[in-house]
Amino acid sequence: ARRVFSGVQPTGDLHLGNYLGAVKRFVEMQNNDWETIYCIVDLHAITVSWPGREGMTAATRELAAAFLACGMDPEKSVLFNQSQVPAHTQLAWIFSCVARLGWMNRMTQFKDKAGKNAERSSLGLYAYPALQAADILVYHATHVPVGEDQRQHIELTRDIATKFNLDFGAENFFPLPEPMIEGVATRVMSLRDGSKKMSKSDPSDQSRINLTDDADTIAKKIRKAKTDPEPLSETLEGLEERPEALNLVRIYAALAETTPEQVMAEHGGASFSTFKPALADLAVAKLAHIGEEMRRYLADPAEIDRVLGKGAEKAAAIADPILARTYDIIGYVGSR
Ligand code: AQP
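Conventions adopted
- Sequence positions are assigned chain by chain, starting from 1 and proceeding in written order.
- Only residues with pLDDT of at least 70 get local features here, since the model is predicted, and only at 80 or more are side-chain atom pairs given and counted; chain-wide, interface and lining totals rely on the full set of residues.
- UniProt positions are given in the numbering used here, feature names are shortened, and annotations may be inferred rather than shown by experiment.
- The way it works is that DSSP assigns letters per residue, a run of H or I at least four long becomes a helix, a run of E at least two long becomes a strand, and they are numbered from the N terminus.
- We take the radius of gyration over the C-alpha atoms and set the globule estimate at 2.2 Å times the residue count to the 0.38 power.
- Once C-beta atoms are placed from the backbone, any two residues with those atoms within 7 Å are in contact.
- Take the residue count of a helix, subtract one, and multiply by 1.5 Å to get its expected span.
- To get the bend at a given residue, fit one axis to the seven residues ending there, fit another to the seven starting there, and take the angle between those axes.
- Each residue is classified by how many other C-beta atoms fall within 10 Å of its C-beta atom, where C-beta atoms are placed from the backbone; a count of 20 or more means buried, 12 or fewer means exposed, and values in between mean partly exposed.
- Interaxial angle, 0 to 180 degrees, is taken between N-to-C directions of lines fitted to C-alpha atoms, where a helix line uses only the stretch in contact.
- Angles are sorted into four bins: roughly parallel if under 35 degrees, roughly antiparallel if over 145, roughly perpendicular if 65 to 115, and oblique for all others.
- Crossings are classed by handedness, with left-handed meaning an anticlockwise turn of the near helix from the far one by less than a right angle and right-handed meaning a clockwise turn.
- Charged residues are taken to be Asp, Glu, Lys and Arg, nonpolar residues to be Ala, Val, Leu, Ile, Met, Phe, Trp, Tyr, Cys and Pro, and polar residues to be all remaining types, Gly included.
- Any residue whose C-beta atom, as placed from the backbone, lies within 6 Å of a molecule or strand is termed near it.
- All domain edges in this entry derive from an automatic or database-based domain assignment.
- Note on definitions: a nonpolar core is a set of buried residues drawn from Ala, Val, Leu, Ile, Met, Phe, Trp, Tyr and Cys, linked by C-beta atoms within 7 Å.

The chain appears in an unreviewed UniProt entry as Tryptophan--tRNA ligase from Algicella marina. The record held by UniProt for the chain lists under Sequence similarities (unreviewed entry) the comment "Belongs to the class-I aminoacyl-tRNA synthetase family." You can read under Catalytic activity (unreviewed entry) in the UniProt record for the chain the words "tRNA(Trp) + L-tryptophan + ATP = L-tryptophyl-tRNA(Trp) + AMP + diphosphate + H(+)".

See below:
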């Protein structure tokens, strides 16, 4: 069976990187006969800081609205928030007894997010990848569509599955999930710095396009995006040393659902004063309605909560029996 799981943190507005690297692909897979489970990972969202009670609730509803506005269909995909399905945390404990400290110490996202002051980071930030492994494996998911930044965590998930199966004598119990890091937009870069990924936590709002930005804001951010003074080269190879230009070409290709080669065939040699407006028009056509749709969903928060509650029931119906089998494998009294 092909079962897809992926999660997104409710930690602020979704940006173009989250959209092209994750959510747009979630919707494509949903519409292509995969069994799809998509989770708002609210437990992960407090590993760095807490946005306050109202903030937490609002961020979760906003992310649900963004998913729905992007075309996620709760009849086709299981859509829910993580804290409503306790099996995630229950399996995470077991995985934190399987994962080795040496493995966790190698996680680059922890190093990036903890910064210089690792001693003051939460235990949750450190243990995050074990919970992420549980998120995926509690569904026996086989495929995980994510951006490039998540590759190492999916590899860790495979290591945890392998070691659990071996140590507990449960051959092939947990599948080894495949990361699906595909397409031209697996790592969308900042609009201000071609060497940094586009990120929610970048202090500059000019560095990213948010799905809530209106048409004017989207167009303005693209017109102001950092580039070098040269026009586009004739071929894609010519952009190798020009990360900002390459990023814009890749964004164009992803939005137009074509290849960077095709974009260069059409726009190669163009100056940025013609390429940027073309990209701005395309981005507005593809993105501006998402913000409007989001606002429409957010006008009825009770309906969003109902969708998430129903999704959580469906999720638990898959996860609970897998957790029960895990307990049985371990030999916990009460599970046999
Ligand atoms: N720049 C990106 N390009 C392509 N894909 C990206 N993703 C994130 N940034 C890019 C993918 O989006 C999904 C959801 O991400 P997340 O919210 O779980 O986590 P994140 O990676 O923490 O998002 P940010 O924006 O990068 O937040 P901060 O600033 O907190 O680090 C994932 O599939 C991710 O790969």
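Asker: Would you explain the overall build of the chain in this entry?
Answerer: When helices and strands are tallied, the chain shows 12 helices and five strands. For 336 residues, the compact-globule formula gives about 20 Å, and the C-alpha radius of gyration of the chain, at 21 Å, lands near that figure. Counted over contacts in the chain with a minimum sequence separation of 6, partners at least 24 positions apart contribute 77%.

Asker: Any chance you could explain helix H12 (residues 301-330) here in plain terms?
Answerer: Working note: α-helix, 3.6 residues per turn, so residues spaced by three or four point in the same direction. For H12, built from 30 residues, the straight-helix expectation of 44 Å at 1.5 Å per residue is met to within 8% by its first-to-last C-alpha distance of 41 Å. The largest bend in H12 comes to about 30°, at alanine 316. Inspection of H12 places Ile304, Gly311, Ala312, Ala315, Ala319, Leu323 and Thr326 among the buried residues, and these make up the whole buried set. Elements in contact with the buried residues of H12: strand S2 (35-40), helix H2 (53-69), strand S3 (77-81), helix H3 (87-96) and helix H11 (272-298). Where H12 terminates, the next one or two residues include glycine 331, which has phi positive at roughly 100°.

Asker: Would you explain the packing of H3 against helix H6 (residues 123-137) in this entry?
Answerer: The geometry of a pair of packed helices is captured by two quantities: the angle between their axes and the separation between those axes. Interhelical geometry of H3 versus H6 gives an angle of 125° and a closest axis separation of 8 Å. As judged from the angle between their axes, H3 and H6 are oblique. For the pair H3 and H6, the sense of crossing is right-handed. For the pair formed by H3 and H6, the contact residues are His88, Leu91, Ala92, Phe95 and Ser96 on the first element and Ala127, Ala130, Leu131, Ala133, Ala134, Asp135 and Leu137 on the second. Partitioned by chemical class, the residues of the contact of H3 with H6 number nine nonpolar, two polar and one charged.

Asker: Explanation requested: the site of the ligand in the structure shown.
Answerer: Neighbouring the ligand are 20 residues, the closest being Gly17, Gly21, Gly147, Ser199 and Ser201. Sort the elements by how many residues they give to the shell around the ligand and helix H1 (residues 16-30) lands first, with four residues. Each residue belonging to the shell around the ligand can be placed in one class, and the counts come to six nonpolar, 10 polar and four charged.

Asker: Explain the domain arrangement of the chain to me, please; I cannot follow it from the model alone.
Answerer: When the parts come together, some accessible area is lost, and that loss is often what is quoted as the size of the interface. Parsing the chain into structural domains produces domain 1 (3-180 + 300-330) and domain 2 (205-296). A C-alpha centroid distance of 30 Å is found between domain 1 and domain 2. Taken residue by residue, the interface counts 10 residues in domain 1 and 10 residues in domain 2. Of all the secondary structure elements, the ones that give two or more residues to the side of domain 1 that touches domain 2 are H1 and H2.

Asker: Just to check I follow, could you spell out the nonpolar core for this structure?
Answerer: A general feature of soluble globular proteins is that nonpolar side chains tend to end up buried together. Counting residues in hydrophobic clusters, the biggest one holds 93 residues, and the most contacted among them are Ile37, Ala66, Phe67, Leu91, Phe95, Ala134 and Ile251. Once residues within four sequence positions are removed from consideration, alanine 66 is found in contact with Leu14, Leu211 and Met294.

Asker: For this particular structure, what's the right way to read H1?
Answerer: Helix length check: H1, at 15 residues, gives a terminal C-alpha distance of 20 Å against a target of 21 Å (1.5 Å per residue), a fit within 8%. The largest bend in H1 comes to about 30°, at alanine 22. H1 sits mainly inside the fold: 13 of its 15 residues count as buried.

Asker: Please explain the environment of methionine 107 as it appears in this structure.
Answerer: In this fold, methionine 107 is placed in the loop between helix H4 (101-105) and helix H5 (108-114). For methionine 107, a count of 18 C-beta atoms within 10 Å puts it in the partly exposed group. Along the chain, methionine 107 and arginine 242 lie 135 residues apart, while their C-alpha atoms are 29 Å from each other. Look past the residues within four positions of methionine 107 in its chain and what remains in contact with it is Pro129 and Gln152.

Asker: Sorry if this is basic, but what is going on with the packing of helix H9 (residues 243-256) against H11 here?
Answerer: Running from amino to carboxyl end, H9 crosses H11 at an angle of 40°, the nearest separation of the two axes being 10 Å. Looking at the two axes, H9 sits oblique to H11. When the axes of H9 and H11 are compared, the crossing they make is left-handed. Contact with H9, carried on its side by Leu248, Ile251, Tyr252, Leu255 and Ala256, involves Leu279, Leu282, Ala283 and Lys286 of H11 and no other residues of that element. Broken down by class, the residue content of the contact of H9 with H11 amounts to eight nonpolar, no polar and one charged.

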